[in-house]
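Reading the structure
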Amino acid sequence: MPAEPAAPLLTCERPEQAGPILAIAEALLDQRFLAGRHAADHAANGRDADRARQLMATYLERADPVVGYLTVVLEREAGLRFSGRRGFPYRFHLATRPPGVPLAGDVALDPAPPVGAVLYATMRRWQLIIERDDDHDEFVGILHPALLVGHRHGLAAGLRHIVDLIDTGQILDVSAAASAASTLLRAAAVTRDDAELFDEILGDPPKDGIGLIAYGADLFDERFQQPVPRSSSRVTPLLEGLLSDAWRRVAVIRAASDAGEWWCALTGLTAYLRFVPSVFWWTLASPSQAVEAALDQLDELAADVFAITVAMELDSMEGVIDYETGVIEAIAHRTGDLAAAERRFRRERMLVPPALLDAPLDAKWRIPDPRPANLFAYLAGESDTAFLRSPFGRTSGEGRLESMRRPDLERRTAEVRRTLEAADAMRQDNAPEAVALLRDLLSAYPWCAPAYRILAQAVWRTGDQDEAVNLLVKALTLRPGSHRAWAELGDFLGEMGYEWAAGVAQRVAHHLDRSRT
């Protein structure tokens, strides 16, 4: 069954009117999470860690300034804030903490800081990670927040905070995260409950910077550094939860309904699959044979994710399907039983929705949603998503990232621009033909923001107002700094009777237009 839709992370003053605006804001946050998780995957699977840092540096340079600016504008103009209905971890340095919030927490459990303040703090941490290349510094930056959260909400919440930092793309080195988690668990094993660990041993967190630096140092006493026996009433349930969570993530990947959902779920899985075994090995004195077998399975899955990622970067979705069917054939070759091999593969190693192994890819897989667009642009070495061919779909290699790169760019740019000019010229007098022309273009170039914007205008003229707004949301997810698209969104919302939301969109357009001069 498909996973239940996640509760909204953000809200604003009039959410009943602001659905499109909130959708854009959440999609931009998702892009930040995705970029961070992809960088962590790069570092976790043994690929060049410097490449991972460069990918994140590219994101921060190209996309983050616009996202940060828009967030501040939407906070001021629309009251953008965290909804509190869905968890999101935050952590600040003393210099960046807003008043009235703890140094580390979760928006579903603690007072929620401004969205812009959280984005700025995470950006600064990434900049420090990129500049310093200091694993110990990242370890401390993970352990301290986990201890602060654990002090208020318990050991399980502290461990969950570490996992959530990985999930939201705030950690590069998952071995540092595993070391922090293991430090917590080893201390938990020799204490009777959370009160003894956090109240009696650690005490209340200091208020000043010098004291905070030393907070948690007691956990490095020899007493708390001993490996944990196989069975511990405090630790075993938490470790079992990490293992179950790995398979829950695989289930989400298998249940994906389109290419964007699948790729977003897959990104970050390598990091988590490297994190969990490290926590087990560094925590337990001697894992049982059953645990070792389960951890070996996670290692095997991590290798599969690596192969699939390479297939996506060098080939296309076709390469992913070929890899998955190749695994089935390899298992069958060893066992001599194809039917049994396929059952085992679908149970233990399948990393695509099962329907993709049985039928051609449909449009939802050839035209993905915009969230992965910037990431693929960086991988292809391009600055604009408009001229990227779809990396999803069986297109005889046309979707390969190799074919996205120069010198093909000049031809692709000319092709896209000719089509956009033709569609723009006919959208008023022959909207249906313009719609057909643009949808054909988007089947090849699914992340072309100008195509979505012109298509929205043509669709509006056909009378489908909701679809026109949805298309502008996609255009603005791809190019959030387009003052023209924000103004058109304001026009559409105003004609639909959403005057407050229309005013917000128009003021955002005004801010963006003014920032260009």
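Let us look at the overall build of the chain. When helices and strands are counted, the chain shows 24 helices and four strands. In summary, the chain has a C-alpha radius of gyration of 24 Å against a globular reference of 24 Å for 517 residues, a match within 12%. The dimensions of the chain, computed from C-alpha atoms along their principal axes, are 80 × 65 × 40 Å. Across the 517 residues in the chain, those meeting the buried criterion constitute 57%.

Further remarks concern the packing of helix 2 (residues 49-62) against helix 3 (residues 64-78). Axis separation between helix 2 and helix 3 bottoms out at 4 Å; the angle between their running directions is 45 degrees. When the interaxial angle is binned, helix 2 and helix 3 end up oblique. For the pair helix 2 and helix 3, the contacting residues are Tyr59, Leu60, Glu61 and Arg62 in the first and Asp64, Pro65 and Val67 in the second. For the contact of helix 2 with helix 3, the class distribution of residues is four nonpolar, no polar and three charged.

All right, on to the packing of aromatic side chains then. Each aromatic ring pair is summarised here by two numbers: the centre-to-centre distance and the angle between the ring planes. All chains considered together, the criterion is met by seven aromatic pairs. Both rings, one in Tyr90 and one in Phe92, keep their centres 5.6 Å apart while their planes meet at 50 degrees; by these two values the pair is tilted. Assessed through its relative accessible area of 1%, Tyr90 is described here as buried. Arranged with centres 6.2 Å apart and planes meeting at 65 degrees, the rings of Phe139 and Phe220 form a pair that is edge-to-face. Within this pair, whereas Phe139 is found in helix 5 (residues 135-153), its partner Phe220 is found in the loop between helix 9 (209-214) and helix 10 (236-254), the two being separated by 81 residues in sequence. Of the residues examined, Phe139 reaches a relative accessible area of 11% and is grouped as buried. A relative accessible area of 43% means that Phe220 is categorised as partly exposed. Note that Arg249 overlies the ring of Tyr272, its terminal NZ or CZ placed 3.7 Å from the centroid.

Bringing the nonpolar core into the picture now. If you look at the biggest cluster of nonpolar residues, it comprises 179 residues, and the most contacted ones within it are Trp262, Phe275, Met317 and Trp486. When residues of this core are assigned to their parent elements, the largest contribution, 12 residues, is made by helix 1 (residues 19-44). Those residues within four positions of Trp262 in sequence are excluded, and the remaining contacts are Ile253, Ala256, Ile308, Met312, Met317, Val320, Leu351, Val352, Pro353, Trp365 and Phe392.

All right, on to the pattern of salt bridges then. Throughout the structure, instances matching the rule amount to 24 salt bridges. For Arg86, the salt bridge is made with Glu26, and the minimal N-O distance between the two is 3.5 Å. Placement of the pair is Arg86 in the loop between strand 2 (81-82) and strand 3 (89-91) and Glu26 in helix 1, with a sequence separation of 60 residues. A relative accessible area of 24% places Arg86 in the partly exposed class. Taking the relative accessible area as the measure of exposure, Glu26 reaches 16% and is therefore buried. Close ionic contact of Glu196 with Arg223 constitutes a salt bridge, the shortest N to O distance being 3.5 Å.

With that settled, consider the environment of Val118. Within the secondary structure, Val118 sits in helix 4 (residues 115-132). According to the relative accessible area criterion, Val118 is buried, its value standing at 2%. For the pair formed by Val118 and Arg439, sequence separation is 321 residues and the distance between their alpha carbons is 38 Å. Apart from residues lying up to four places away in sequence, Val118 is in contact with Phe82, Phe88, Tyr90, Phe92 and Pro113.

Quick notes on the rules
- Residues numbered from 1 in each chain as written.
- Predicted model: local features only at pLDDT ≥ 70, side-chain atom pairs only at ≥ 80, totals over all residues.
- Heavy atoms only, no water.
- Helix = DSSP H or I, 4+ residues; strand = E, 2+ residues; numbered from the N terminus.
- Rg over C-alpha atoms; globule rule 2.2 N^0.38 Å.
- Buried < 20%, exposed > 50% of the residue type's maximum accessible area, 1.4 Å probe, protein only.
- Axes fitted to C-alpha atoms, helices over the stretch in contact; angles between N-to-C directions.
- Parallel < 35°, antiparallel > 145°, perpendicular 65-115°, else oblique.
- Contact = heavy atoms within 4.5 Å.
- Nonpolar A, V, L, I, M, F, W, Y, C, P; charged D, E, K, R; others polar.
- Phe/Tyr/Trp six-rings, centres within 6.5 Å; stacked < 30°, edge-to-face > 60°.
- Lys NZ or Arg CZ within 6 Å of the ring centre and 35° of its normal.
- Core = buried A, V, L, I, M, F, W, Y, C linked by side-chain atoms within 4.5 Å.
- Salt bridge = Lys/Arg side-chain N within 4 Å of Asp/Glu carboxyl O.

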